[in-house]
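Structural overview
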Amino acid sequence: MIVDIGYFSLLCALVLAAYTVITLYAGIRRNSHNLVLSARYSSMVILILVAAAYFSLTFAFIRDDFSIRFVALHSSTDLPLFYKVTAVWGGMEGSLLLWELILAFFIAIIAFRYRKTNREILPHTLIVLNLISLFLLFLLIGWSNPLAGEFPVSSEGNGLNPLLQNPGMVFHPPSLYLGYVAFSIPFAFAMGSLMRGKLGNQWIVSTRRWTLFAWFFLTIGIILGGGWAYVELGWGGYWAWDPVENGSLMPWLTGTAFLHSVIVQEKRNSLRIWNMVLIIATFTLSILGTFITRSGILNSVHSFAKSNIGPAFLIFIVAILVFSVGLLFYRQSLLVSKSQTAGIFCKENSFLLNNIVFVVMCFTVLYGTVFPLLAEGLADKKLSIQAPFFNTIMAPIAVLMVFLMGITHVLGWKKTSLVLLRKNVLVPSLLTIVVMAVIFYLFSPPWQMELLGGVSIFAGYLVVRELIRSRRTGDLPAEHERESIGSRLLKSLTKDGRRKGGLIIHLGIVIMMIGICGSFFNRETTFTFGPGEENSFGRYVMKFKETTETQSRNSRNVGLAVEILQDGKSVGVLTPVKSYYPTSQQPMTEVAIQHSLIEDLYISLASINSDGTATLNVYINPLVSFIWGSVIFFIIGFIYSMSYKPIQLRQK
Amino acid sequence: MNKKSLKFLIGGVLIVAVIVGIFVSVSSENMTYYYTPTEILTHPEKYADKRIRVMGLVEHDSIQWFSKETKLIFKISDEEDQILNVEYHGARPDMFREGQGVVVEGKLQGNSHLAATVLLVKHSEEYKAAEHSESKDSYIKTMDL
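Some points on the overall build of chain B
- For chain B, the count of helices and strands is four helices and seven strands.
- Each helix (α) and strand (β) of chain B, taken in turn from the N terminus, gives the series α-β-α-β-β-β-β-β-β-α-α.
- Counting only residues that meet the buried cut, chain B has 28% of its 145 residues in that class.

In structure tokens, the structure reads:
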């Protein structure tokens, strides 16, 4: 009943989205303010309608309404309430509804927030956004309808995949979607200004914070996905160059390039066509990311051909590309930037090189992800491209990326004095050489780790020095002198947020790179032992204590308590578990991890054998904590960056 | 075309050529094709000393699990009922059982023996259909690789 209202709302939203597009078009043609106003209000109504549909589905989950196919497939009566509410995005149809909800929300914000500052391009921008929305609504009422009923009604649902019953996995998809959808805003503004033929830097300034927002949530989404893989999949790692992971990394890479290259346009008014290309690529890859995960193409090309949604996505991607590239081509004469002379050592060039680095990385990932699919589709050969391919190519490029990230902070726009540059890099270079020598002497690591570690120290030093300087140099204007020390400190900490934000995020990247360096020293072993027996690995001795069995609300858990000894002293008990869910035939591996700053001891229970012994997979992963720790820097840096408000928006 | 854009064009083409060159060489080193036991067993000499990935179904009554040595010995087969012996060192995966589709990766030793270092259990949406007399080949084709 409630679900019928939801479905009806979706239908109305679809009609209204079509109405909005037509009205906007007519409004532009007739130069009618009232028509545009009507379209803006209808954006608001679409948001309400989509929200109604979303909540009706949530409601169906809470009430265990298994007459809805999507609910029957992804929930069960014994599921905790928290997971019932979040199971809405536990499958394809619900995920797309969440996508659409976020998009409708953003459109409503855009329609009102930018009505004054971007009056000229707003109608065009809204047309683009509503066309995207129209596509999603079209899928949602037809091929991918989360509210479709099922008959006969089953009394119990299939249950939510136990792998998804984890907080990391609950927030991973919405975070990615926030990122993906938010990239549609700069894209729509870019297309809007192309359509309008008004190509100042307005669209870039207006969408700066949207781009940051998208970048931040995409970053967090990817890290959450890695964290989930680490604790739930039980193979000891967090990144496997899996097509689903690659699908989210590709828009991140071009998005990061875009985030940097728009600064060049803002400051120096160049790279204008290039920025258009980057945002088109980023948005298309965001759609491709959703498509790769959701179309079934990963299972096999055969099942892709059978699904409806896959080809629909493919057509959509092609349509976006044809439309946006065609528009760009049509307007290219308006985008030519006057060439400005610049020296070799200048910020512009470091940004340019940074862009090349990110695009090459993206191309690498695209090639490695799509090539096996093409080989299967066109030549009927099944093959896989393995992680070493990605690692071999990405490692040296990452070294270059981190180097650029550090050096750019001591380069000036247009031209840098070489004397000053030499003075600035002398100390970090020496420090880097010393640290690299020490690492080499102590660990004799692979050359990739040696270089990545060295360059991280180099960049880290420069970034931290700039951070300290950014606090000091901006000695506050004289009028603040009479204020208390506390308030002056507060002011010096909060001012120049954009610059500080960038530096802090760069510091986060350095921290993450140090974590990645640790992965070159990962070790693993597999062994079987019986009650009372011991086994040593690294600096740890593991002692078989006892097997345990517990019952939780929707699973039965068989575990093994392992006592961990270091230097003969007990430092704790780890209990890796296997959980059996009645709704799933495959048991879940719940790993047990002893975290420390230096290394993680990671134990997963492979099996409890018929003779009472247990087989364990044990991993020692150095420096993994640094990867998760980098998130703190991303959050703080993001908050700093968002505090910067473009001048144009400030006036209003 | 003016001099400057010509420079850019040549530079761009050079960069792209180098990148493509590196790609082809690195990816061919790290590309693994999937084979069936029949392909391996008809021409074992072709695959000697190469890392190969083989997909097939676990034969009935062929599984031996040595927990102490963490060693798993089993046989896999495909449509043609050619049987490949596999020896894998490592833990026994949860869903590993008779009739299950698996992918193993390793090197061939002798003519019908694979020393595997990777063992992946694969699921297929058409698993049920395969159980009911449908051909093994169509099952293998739909395996979620």
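A word on the overall build of chain A
- If you tally the helices and strands in chain A, you get 21 helices and eleven strands.
- Expected size for 652 residues packed as a compact globule is a radius of gyration near 26 Å; at 27 Å, chain A falls within 12% of this value.
- Considered along the principal axes of its C-alpha atoms, chain A spans approximately 85 × 75 × 65 Å.
- Split into buried and exposed, the 652 residues of chain A put 46% on the buried side.
- Intrachain contacts of chain A at a sequence separation of at least 6 include 73% that bridge at least 24 residues.

Notes on the environment of Tyr581(A)
Residues and elements named next belong to chain A.
- Assignment of secondary structure puts tyrosine 581 in the loop between β7 (577-580) and β8 (588-590).
- Along the primary structure tyrosine 581 and serine 552 are separated by 29 residues, whereas in three dimensions their C-alpha atoms are 9.9 Å apart.
- Aside from chain neighbours lying at most four places away, what touches tyrosine 581 is Gly159, Pro162, Asn554, Ser555 and Met588.

Quick word on helix α16 (residues 418-443) of chain A
Residues and elements named next belong to chain A.
- Taking 1.5 Å per residue as the helical rise, α16 with its 26 residues ought to reach 38 Å, and the 36 Å between its terminal C-alpha atoms agrees with that figure.
- Bending of α16 peaks at approximately 35° at the position of leucine 426, with proline proline 428 no more than four residues after it.
- Little of α16 sits out of view: just two of its 26 residues are buried.
- Of the residues trailing α16, serine 444 is marked for its positive phi of about 35°.

Here we look at the interface of chain A and chain B
- With 28 residues of chain A at the interface, the matching set in chain B holds 23 residues.
- Elements represented by at least two residues in the side of chain A that touches chain B include exactly α11 (301-306), α14 (347-379), β1 (383-385), α15 (387-407), β2 (523-529), β10 (599-608) and β11 (614-622) of chain A.
- It is α15(A) that contributes the most residues to the side of chain A that touches chain B, four residues altogether.
- Counted by class, the side of chain A that touches chain B contains ten nonpolar, 15 polar and three charged residues.

Examining the domain arrangement of chain A
Residues and elements named next belong to chain A.
- Annotation of chain A at the domain level lists domain 1 (1-165), domain 2 (166-337), domain 3 (394-520) and domain 4 (522-626).
- The centre of domain 3, based on its C-alpha atoms, is set 39 Å off from the matching centre of domain 4.
- Of the residues lining the interface, seven residues belong to domain 3; the matching set on domain 4 comes to six residues.

Looking at the packing of helix α10 (residues 272-294) of chain A against helix α12 (residues 309-330) of chain A
Residues and elements named next belong to chain A.
- Contact geometry of α10 with α12 gives a least axis separation of 10 Å together with a crossing angle of 180°. With respect to α12, the element α10 is oriented roughly antiparallel. Where α10 approaches α12, its residues Met276, Ile280, Thr284, Ile287, Leu288, Phe291 and Arg294 are matched on the opposing element by Ile309, Phe313, Phe316, Ile317, Ile320, Leu321, Ser324, Val325 and Leu328.
- Classifying every residue of the contact of α10 with α12 gives 13 nonpolar, two polar and one charged.

Side note on the nonpolar core
- Counting 154 residues, the largest nonpolar core has Ala13(A), Val50(A), Ala182(A) and Leu253(A) as the members making the most contacts within it.
- The residues touching Val50(A), leaving out its near neighbours within four places in the chain, are Ala13(A), Glu100(A), Leu101(A) and Ala104(A).

Comments concerning the packing of helix α5 (residues 92-113) of chain A against helix α7 (residues 167-196) of chain A
Residue and element names in this part refer to chain A.
- Look at α5 against α7: their axes get within 9 Å of each other, and the N-to-C directions meet at 45°. Classed by the angle they form, the pair α5 and α7 counts as oblique. Crossing of α5 against α7: the hand is right-handed. Residue-level inspection shows Ser95, Leu98, Trp99, Ile102, Leu103, Phe106 and Ile110 of α5 in contact with α7, the latter providing Pro173, Pro174, Tyr177, Leu178, Val181, Ala182, Ser184 and Ile185.
- When its residues are assigned to classes, the contact of α5 with α7 shows 13 nonpolar, two polar and no charged.

Considering α7(A)
- In this model, α7(A) (30 residues) spans 44 Å end to end at C-alpha, consistent with the 44 Å of a helix rising 1.5 Å per residue.
- Within α7(A), 25 of the 30 residues are buried, which leaves the element mostly enclosed by the surrounding structure.

Comments concerning the sheet that holds β2(A)
Residue and element names in this part refer to chain A.
- Taken together, four strands build an open sheet; the order of strands is β2-β11-β10-β9 and the sheet is antiparallel. One side of each edge strand has no neighbouring strand; the edge strands of this open sheet are β2 and β9 (592-594). Within this sheet the neighbouring strands show an average axis-to-axis angle of 20°, counted without direction.
- Note that β9 and β10 share three bridges and pair antiparallel. Opposite glutamine 594, over in β10, you have leucine 601 as the bridge partner.

Overview of unusual backbone geometry
- In this model, Phe151(A) is joined to Pro152(A) through a cis peptide bond whose omega is 0°.
- Along the chain, Pro152(A) falls in the loop between α6 (122-141) and α7.
- Unusually for a residue other than glycine, Leu623(A) sits at a positive phi of about 65°.
- Judged by the 21 C-beta atoms lying within 10 Å of it, Leu623(A) is buried.
- Backbone geometry places Asp61(B), a non-glycine residue, at a positive phi of 55°.
- Within the element layout of this structure, Asp61(B) appears in the loop between β2 (51-58) and β3 (64-66).

Notes on the confidence of the model for chain B
Residues and elements named next belong to chain B.
- Per-residue confidence for chain B gives a mean pLDDT of 79, with 83% of residues at or over 70.
- Across residues 125-135, confidence stays below pLDDT 50; counting only partners more than four residues off in sequence or on other chains, it has eleven contacts.
- Interface confidence for the predicted complex, expressed as ipTM, amounts to 0.79; the pTM equals 0.91.

Comments concerning the pairing of β10(A)
Residues and elements named next belong to chain A.
- By the criterion of burial, β10 is predominantly enclosed, with nine of the ten residues buried.
- Following β9, the chain reverses through four residues before pairing antiparallel with β10.
- Here β10 pairs with β11 via nine bridges, running antiparallel. Considered in β11, the bridge of aspartate 600 is made with asparagine 621.
- Between the antiparallel neighbours β10 and β11 lie five residues, among them glycine 612 with a positive phi of about 85°.

Focus on the environment of Ile511(A)
Residues and elements named next belong to chain A.
- Within the fold, isoleucine 511 resides in helix α19 (residues 497-518).
- For the pair isoleucine 511 and isoleucine 457, spaced 54 residues apart in the sequence, the C-alpha separation amounts to 9.6 Å.
- Contact partners of isoleucine 511, with chain neighbours within four places excluded, come to Phe626, Gly629, Ser630 and Phe633.

Calculation notes
- Residues numbered from 1 in each chain as written.
- Chains lettered and ligands numbered in written order.
- Predicted model: local features only at pLDDT ≥ 70, side-chain atom pairs only at ≥ 80, totals over all residues.
- Helix = DSSP H or I, 4+ residues; strand = E, 2+ residues; numbered from the N terminus.
- Buried ≥ 20, exposed ≤ 12 C-beta atoms within 10 Å, placed from the backbone.
- Rg over C-alpha atoms; globule rule 2.2 N^0.38 Å.
- Contact = placed C-beta atoms within 7 Å.
- Expected span 1.5 Å × (residues − 1).
- Bend = angle between axes of the 7 residues up to and from the residue.
- Nonpolar A, V, L, I, M, F, W, Y, C, P; charged D, E, K, R; others polar.
- Domains from an automatic or database assignment.
- Axes fitted to C-alpha atoms, helices over the stretch in contact; angles between N-to-C directions.
- Parallel < 35°, antiparallel > 145°, perpendicular 65-115°, else oblique.
- Core = buried A, V, L, I, M, F, W, Y, C linked by C-beta atoms within 7 Å.
- Left-handed = near helix turned anticlockwise from the far one by under 90°.
- Pairing = 2+ DSSP bridges.
- pLDDT = per-residue confidence, 0-100.

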